[in-house]
Amino acid sequence: MSTTGNGGGGARRTGTAGGAAARARLRRAAPPAAPQPPSGRRRGSLADPGPVQPATTLADPASGVQAGLRGRPGRPFPGGPADAGPGLAAPPGGSLLDMLRVAIAILDTSGRVVLWSPAAEELLGWPSELLVGRRIDELIPDQEQVARIRAAIQGTLRNGRWAGNAELRDRDGLPVAVDARISLLVDGDGTPFLQVNLAEAAAVRAVERDLAVRDALFEQSPLGIAILDGDLRYTAVNQTLAEMNGVALEDHVGRTTGETLPERAADEITAIQRQVLATGEPVIDVTLASPVTTRPGYRSISYSRMTDRSGRVLGISGTVMDVTERYRAVAKVEHARRRLSLLNEFGSRVGDLLDAARIAQELASSVVPRLTDHSAVILLQAVAHGDDLPRHGHDRRTSLLQLGTASVQDGPEVEVMLRRGARITFAEDSACGRVLRTGVPELLSGGDQLEDVTYPGDPKMQAAHDLGVHSMLVVPLRARGIVIGLLLVSRAGYREGFDRDDLAFTVELADRAGSSLDNARLYARERTAALTLQRTLLPQQVPQPTGVEVAYRYVPGSSGTEVGGDWFDVIPLPGDRTALVVGDVMGHGLRAAATMGRLRTAVRVLAALDLPPDVLLRHVHELADDLAQGPDEALLATCVYAVFDPGTANLTVAKAGHIPPVLVVPGEEAGEPTRTGGPLPGGAGRILDLPSGAPLGVGGVPFESVELKIPEGSLLALCTDGLVESRDKDLDVGLGRLIAVLQEPHASIQAACEAVLDTMEQGREPDDVALLLARLGHGQAGTPTAGWTLPAEPTAVSRARRLVRATLTEWGVEDLTDTAELLVSELVTNAVRYASAPIGVRLTLGETLLAEISDPLPDPPRERHAAEADEGGRGLELVHRLALHWGARAEGIGKVVWFELSLPGNEADE
């Protein structure tokens with residue numbers, strides 16, 4: 001058969017033999033004609049509701065096919081059997097034809113059904129056994145549709161084809177809207193037939209809508225769309241993708257991505273395509289750089305695997321979207337976030353730093369490598385040393401130090417360009433000179449500009465050239481409107497050069513650093529002043545008294561300008577005795593240091609009165625209001641005061657709320673005690689059990705002295721709490737650590753001091769530390785000493801004179817005999833007059849002749865000026881006039897009155 005064209009009824013004829021064969025096939029396919037009804041109305045028409053006898057049987061024995069198996073189960077055709085059996089299920093498949101079934105029917109020119117396809121059976125439910133031989137009009141629900149179909153048949157006979165919509169009735173009597181196509185067929189004998197193609201109108205419209213959506217998405221989409229087969233070759237791409245790739249549409253089809261795009265970009269995309277094809281897992285929104293150099297930017301690609309309705313893999317589909325603007329916007333936001341993070345990180349790193357050199361190094365390190373490849377921080381020498389800022393402009397004589405450096409690499413060139421501590425010089429018309437003078441940052445790029453950074457021929461710039469530096473920022477470090485230094489950052493190699501955004505950010509970073517550096521400068525200046533004051537108030541020269549070897553260490557605190565009020569002192573007392581003092585004024589700063597100075601002075605003045613330790617502390621406490629830091633602040637200080645007498649080996653100690661002293665007694669295996677300057681043998685250490693006493697300025701607790709007999713060579717340690725206290729440990733732990741160190745042998749007392757300081761914990765509070773070690777002996781070897789106990793009788797005076805004369809003669813200092821006899825007799829006379837217990841007399845020949853007269857009366861002698869007519873009252877006046885020094889001190893329940901006489905030959909020095 002052939003299909004005619006539109007218009008004209010002529011048909012191209014074929015050979016008669018072929019036409020006869022075709023007609024024979026049609027006749028074999030057609031069932032016997034149904035008998036005509038008796039009336040004019042055709043029996044079995046859709047308009048006849050009465051029962052109709054079937055014209056054919058429901059079974060075709062020749063074909064062996066049960067009638068109705070190929071159609072939907074439903075009511076029988078009028079005149080047909082009562083039940084027509086279930087229809088055959090549609091064969092499985094996944095093609096479009098399974099979704100959009102096209103029913104085919106062959107009609108003769110009168111509209112009678114010659115052939116009725118299985119698809120037509122499924123569409124309308126009428127089996128072919130019931131329809132073949134009947135007019136198609138019987139499936140049309142109304143006469144208007146009948147007339148329209150008949151007109152369509154006539155039009156097809158004239159024009160060769162017809163297309164339109166129609167409404168047919170299915171076997172259940174329900175209307176079915178169909179899209180119809182009628183074509184004229186002519187067999188070989190010239191007999192015309194009509195081929196009717198029917199499809200459900202709703203399905204056709206759905207397919208048309210889907211195709212329209214596909215066209216809109218594929219052809220009109222702003223996204224690049226690609227379809228690839230199982231070999232990952234393009235089967236279709238839209239114009240958008242072709243323009244993105246810079247390759248024509250026809251050049252995509254049949255090629256792979258590797259054959260279409262540049263190799264480096266295609267490899268990454270091909271790997272993604274293979275992964276999606278193999279796993280079925282879609283890849284969504286993967287951002288890649290544009291593979292086309294003519295259209296730089298970034299793309300987002302997404303791929304998913306395609307399967308048909310039966311699950312067979314057809315290939316993959318992909319979409320490509322230009323996300324350059326989005327990527328750059330996100331990159332810009334991320335860039336800003338990283339910059340802000342860098343600012344915050346730098347602020348946290350230097351927020352608590354008060355060292356200009358450390359801040360400079362932190363600044364240099366923070367920008368490498370996130371901002372730059374090499375960095376250098378150059379500061380005015382005044383900033384580094386804590387001096388005042390210069391008030392005049394900077395010139396080439398300005399002293400600059402490179403205190404902070406960082407680099408992404410090492411090597412000799414880096415060492416030349418970024419040597420820490422190097423002194424920087426520059427020409428006045430160089431970039432550094434201009435920025436120092438004006439405070440305006442500069443962006444330098446290219447060889448000519450980079451040669452102008454410092455001065456012509458600078459080895460540092462030659463090293464920068466060797467490192468490949470091609471872009472540099474010279475940014476001022478400012479404080480209080482004054483340029484205090486420079487920040488130099490540079491990029492090298494293939495890294496992109498600096499831009500204006502980089503310059504603005506670096507200026508912001510430099511401004512923050514400038515404030516921190518100025519704070520460090522102010523701190524250094526104030527701390528220097530505070531330490532100078534504190535050191536001035538501490539002992540400038542520590543004596544080495546008779547029988548005592550002293551070593552000391554003072555470590556200032558490390559927190560800001562907060563120097564503390566710790567102090568120590570070694571005070572020689574009459575009779576070769578020595579006072580050892582360690583104290584701590586609560587608080588920090590200049591005022592605490594000043595208060596410490598006043599307190600130390602008060603202790604020294606009271607010590608000169610030779611007061612017992614507890615009495616001295618009580619007098620200092622009574623002066624608390626005058627020694628306080630201010631009228632609204634009370635004095636609060638701790639102190640330990642010890643007096644050692646080498647002649648008697650007695651140690652008298654009292655403390656006011658202070659850390660107790662530690663005493664280390666050498667063991668028996670130590671042998672003979674080592675004299676001054678020798679090694680320390682170690683020994684057994686213990687904490688002296690003393691009444692705690694209240695801190696000075698608190699009151700309410702009396703001060704008490706404790707007197708101890710000290711073995712020769714014992715080591716006494718006095719310290720402040722900064723040495724033994726820590727944040728997370730008890731005081732006993734620190735004292736135990738101190739004892740453990742002092743119990744060990746040491747080469748000298750100075751070495752013992754260093755060993756103690758080495759035990760300080762790094763995490764301790766940044767407080768001052770005062771440490772005083774004293775090795776206690778029994779006086780210098782060979783020092784002449786003589787002592788007697790006399791009864792409180794008048795004869796004691798003459799006896800004392802004889803004993804003094806004989807002793808001084810024996811010692812070879814007869815020149816002192818007359819004066820010594822006179823003064824001893826006057827003091828013994830006073831003791832005999834007022835005392836009722838034995839009187840002690842002791843002579844010691846050292847650098848001076850010391851005479852001590854003791855009695856049990858606690859009241860000290862009072863000097864008075866006697867009139868010319870008075871017979872007495874001149875004893876103490878004679879002592880005052882003739883002795884080098886004299887005084888009185890409490891001892892036990894009584895007192896000791898002493899005087900010193902210069903030895904012959906020393907009078908001129910005195």
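Residues numbered from 1 in each chain as written. Predicted model: local features only at pLDDT ≥ 70, side-chain atom pairs only at ≥ 80, totals over all residues. Heavy atoms only, no water.

Asker: When you look at the overall build of the chain in this model, what are you seeing that I'm missing?
Answerer: Looking only at helices and strands, one finds 27 helices and 34 strands in the chain. The buried share of the chain, reckoned over its 910 residues, is 47%. Across the chain, the fraction of contacts at a sequence separation of at least 24, relative to all contacts at a separation of at least 6, is 63%. Carbon and sulfur atoms provide 52% of the accessible area of the chain, an area that totals close to 44,200 Å². (Helix = DSSP H or I, 4+ residues; strand = E, 2+ residues; numbered from the N terminus. Buried < 20%, exposed > 50% of the residue type's maximum accessible area, 1.4 Å probe, protein only. Contact = heavy atoms within 4.5 Å. Areas by Shrake-Rupley, 256 points an atom, 1.4 Å probe, with all protein chains shown as cover.)

Asker: What is the right way to read the sheet that holds strand β27 (residues 706–709) from this model?
Answerer: Strand pairing within a sheet occurs via backbone hydrogen bonds; the two strands may be parallel or antiparallel. Pairing within the open sheet is antiparallel, and its five strands lie in the order β21-β22-β23-β24-β27. In this open sheet, the two edge strands, each paired with only one partner strand, are β21 (564–573) and β27. Each neighbouring strand pair of the sheet contributes to a mean axis angle of 15°, computed without reference to strand direction. Pairing of strand β23 (residues 637–645) with strand β24 (residues 650–656) involves seven bridges; the strand directions are antiparallel. If you follow cysteine 639 over to β24, its bridge partner there is alanine 656. On the sheet, helix α19 (residues 590–608) packs against β21, β22 (577–588) and β23 and is oriented at approximately 15° with respect to β21. (Pairing = 2+ DSSP bridges. Axes fitted to C-alpha atoms, helices over the stretch in contact; angles between N-to-C directions.)

Asker: Explain the packing of helix α26 (residues 817–834) against helix α27 (residues 875–882) to me, please; I cannot follow it from the model alone.
Answerer: Relative placement of two packed helices is described by the angle separating their axes and the distance separating the axes. Closest axis-to-axis distance for the α26/α27 pair is 9 Å, and the angle between their directions is 145°. For the pair α26 and α27, the sense of crossing is left-handed. Residues Thr819, Leu822, Leu823, Glu826, Leu827 and Asn830 of α26 form the contact with α27, whose own contacting residues are Gly875, Leu876, Leu878, Val879 and Leu882. The residue inventory of the contact of α26 with α27, partitioned by class, reads seven nonpolar, three polar and one charged. (Left-handed = near helix turned anticlockwise from the far one by under 90°. Nonpolar A, V, L, I, M, F, W, Y, C, P; charged D, E, K, R; others polar.)

Asker: Help me understand the side chain of aspartate 610, please; the structure alone is not making it clear to me.
Answerer: Mapping aspartate 610 onto the fold places it in the loop between α19 and α20 (613–622). Accessibility expressed as a relative area gives 5% for aspartate 610, which makes it buried. A polar atom in the side chain of aspartate 610 sits 2.3 Å from the side chain of arginine 577. When sequence neighbours within four positions are dropped, the list of residues in contact with aspartate 610 reads Leu573, Pro574, Arg577, Ala888, Arg889, Ala890 and Trp898. (Polar contact = N/O pair within 3.5 Å; in protein donor to acceptor, adjacent residues only side chain to side chain.)

Asker: Would you explain the environment of proline 456 in this entry?
Answerer: Turning to its location among the elements, proline 456 is positioned in the loop between α16 (447–450) and α17 (459–466). Judged by its relative accessible area of 71%, proline 456 is exposed.

Asker: How should I be thinking about the nonpolar core in this particular structure?
Answerer: The nonpolar side chains of a soluble globular protein tend to be buried with one another. Ranked by size, the top nonpolar core spans 63 residues in total, and within it Leu379 and Leu477 carry the most contacts. Sort the elements by how many residues they give to this core and helix α18 (residues 500–537) lands first, with eight residues. Ignoring any residue separated from it by four or fewer positions in sequence, one finds leucine 379 in contact with Ala356, Ala360, Ser399, Leu400, Leu401, Leu403, Leu477, Ile484, Gly485 and Leu517. Counting 54 residues, the second largest nonpolar core, distinct from the first, contains Leu538, Tyr554, Leu616 and Ala624. (Core = buried A, V, L, I, M, F, W, Y, C linked by side-chain atoms within 4.5 Å.)

Asker: Looking at this model, I keep getting lost on the pairing of strand β33 (residues 885–891). Mind explaining?
Answerer: For a regular strand, the rule is simple: side chains alternate between the two faces of the sheet. In this structure, β33 lies alongside strand β34 (residues 894–902), joined through seven bridges in antiparallel fashion. What sits directly across from glutamate 891, in β34, is glycine 894. The hairpin formed by β33 and β34 contains two residues between the paired strands, and glycine 892 there has a positive phi angle of roughly 65°.

Asker: Explain the sheet that holds strand β19 (residues 482–492) to me, please; I cannot follow it from the model alone.
Answerer: What the six strands build is an open sheet, ordered β16-β15-β14-β19-β18-β17; its pairing is antiparallel. For this open sheet the edge positions go to β16 (422–424) and β17 (442–445), each flanked by a neighbour on one side alone. Each adjacent strand pair in this sheet contributes to an overall mean axis angle of 25°, direction not counted. One ladder, built from ten bridges, connects strand β18 (residues 469–479) with β19; its direction is antiparallel.

Asker: I tried to follow the environment of alanine 883 on my own but got confused; where do I start?
Answerer: Note that alanine 883 resides in the loop between α27 and β33. Sequence separation between alanine 883 and leucine 823 is 60 residues, and the spatial gap between their C-alpha atoms is 8.3 Å. Residues contacting alanine 883, with those up to four places away along its chain left out, are Leu823, Leu878, Phe899, Glu900 and Leu901.

Asker: Would you mind showing me how to read helix α23 (residues 731–742) here?
Answerer: For an α-helix, the turn length of 3.6 residues means that residues three or four places apart are oriented alike. An ideal rise of 1.5 Å per residue puts 16 Å on twelve residues; α23 measures up with 17 Å between its terminal C-alpha atoms. When α23 is considered as a whole, its buried residues turn out to be Gly734, Leu735, Leu738, Ile739, Val741 and Leu742. Down the axis of α23, the buried set is contained in an arc of 165°. They therefore lie on one face. (Expected span 1.5 Å × (residues − 1). Arc of directions from axis to C-beta.)

Asker: Looking at this model, I keep getting lost on the pairing of β17. Mind explaining?
Answerer: The side-chain alternation of β17 yields one buried face, formed by Glu442 and Leu444, and one unburied face, formed by Leu443 and Ser445. As judged from the four bridges shared by β17 and β18, these two strands associate in the antiparallel manner. The partner of glutamate 442 across the bridge, within β18, is valine 474.

Asker: Explain α27 here, please?
Answerer: Residues of α27 that are buried: Gly875, Leu876, Glu877 and Val879. Among the structural elements, α26, β33 and β34 are those in contact with the buried residues of α27.

Asker: In this structure, what is going on with the pattern of salt bridges? I would like to understand it.
Answerer: Opposite charge on two side chains permits them to pair, given that their charged atoms come into close proximity. For the coordinates displayed, the defined rule picks out 32 salt bridges. Here glutamate 345 and arginine 349 are joined by a salt bridge, their closest N and O atoms 3.3 Å apart. Separated by four residues within a single helix, glutamate 345 and arginine 349 lie in helix α11 (residues 324–350), roughly one turn from each other. Here glutamate 345 falls in the partly exposed class, since its relative accessible area comes to 28%. The partly exposed category is assigned to arginine 349, whose relative accessible area is 29%. The network of salt bridges with common partners includes Glu345, Arg349, Glu362 and Arg370. (Salt bridge = Lys/Arg side-chain N within 4 Å of Asp/Glu carboxyl O.)

Asker: It is not clear to me how the environment of leucine 194 should be interpreted in this structure. Could you clarify?
Answerer: Locating leucine 194 in the fold gives a position in strand β8 (residues 192–200). The buried category is assigned to leucine 194, whose relative accessible area is 0%. Each C-alpha atom of the pair leucine 194 and alanine 105 lies 8.1 Å from the other, and the pair is 89 residues apart in sequence.

Asker: For this particular structure, what's the right way to read the packing of α11 against helix α12 (residues 356–366)?
Answerer: It is at 10 Å that the axes of α11 and α12 come closest, and there the two elements cross at 155°. The orientation of α11 relative to α12 falls into the category roughly antiparallel. Seen from above, α11 lies across α12 with right-handed handedness. Contacts between α11 and α12 involve Leu342, Phe346, Arg349 and Val350 from the former and Ile359, Glu362, Leu363, Ser365 and Ser366 from the latter. (Parallel < 35°, antiparallel > 145°, perpendicular 65-115°, else oblique.)

Asker: For this particular structure, what's the right way to read the side chain of serine 221?
Answerer: Mapped onto the secondary structure, serine 221 falls in the loop between α6 (201–220) and β9 (224–229). Overall, the relative accessible area of 10% leaves serine 221 in the buried class. At 3.0 Å, the side chain of serine 221 forms a polar contact with the backbone nitrogen of leucine 223. Excluding residues that lie within four positions of it along the chain, serine 221 makes contacts with Ala216, Asn238 and Thr240.

Asker: What's the story with unusual backbone geometry in this structure? I'm lost.
Answerer: Note: most peptide bonds trans; most residues except glycine with negative phi. Cis geometry marks the peptide bond from valine 368 to proline 369; its omega dihedral reads 0°. Relative to the assigned elements, proline 369 resides in the loop between α12 and β14 (374–380). Of note, the phi angle at leucine 232 is positive, near 60°, even though the residue is not glycine. Inspection of the secondary structure puts leucine 232 in the loop between β9 and β10 (234–237). Even without being glycine, alanine 649 reaches a positive phi, approximately 60°. Position of alanine 649 among the secondary structure elements: in the loop between β23 and β24. For alanine 649, a relative accessible area of 4% puts it in the buried group.

Asker: Please clarify how a nonpolar patch on the surface should be interpreted in this entry.
Answerer: A cluster of nonpolar residues, Met586, Leu636 and Val698, forms a patch on the protein surface that exposes about 230 Å² of accessible area. Looking at leucine 636, the relative accessible area reads 37%, which means it is partly exposed. (Patch = residues over 30% accessible without salt bridge, like charges linked within 9 Å, V, L, I, M, F, W, Y side chains within 5 Å.)

Asker: Just to check I follow, could you spell out the confidence of the model for the chain for this structure?
Answerer: In regions of low pLDDT, the predicted coordinates are not meant to be interpreted in detail. On average, the chain scores 80 in pLDDT, and the residues at 70 or more come to 84%. The model gives residues 1–93 a pLDDT under 50, and that stretch makes 157 contacts with residues more than four places away or in other chains. (pLDDT = per-residue confidence, 0-100.)

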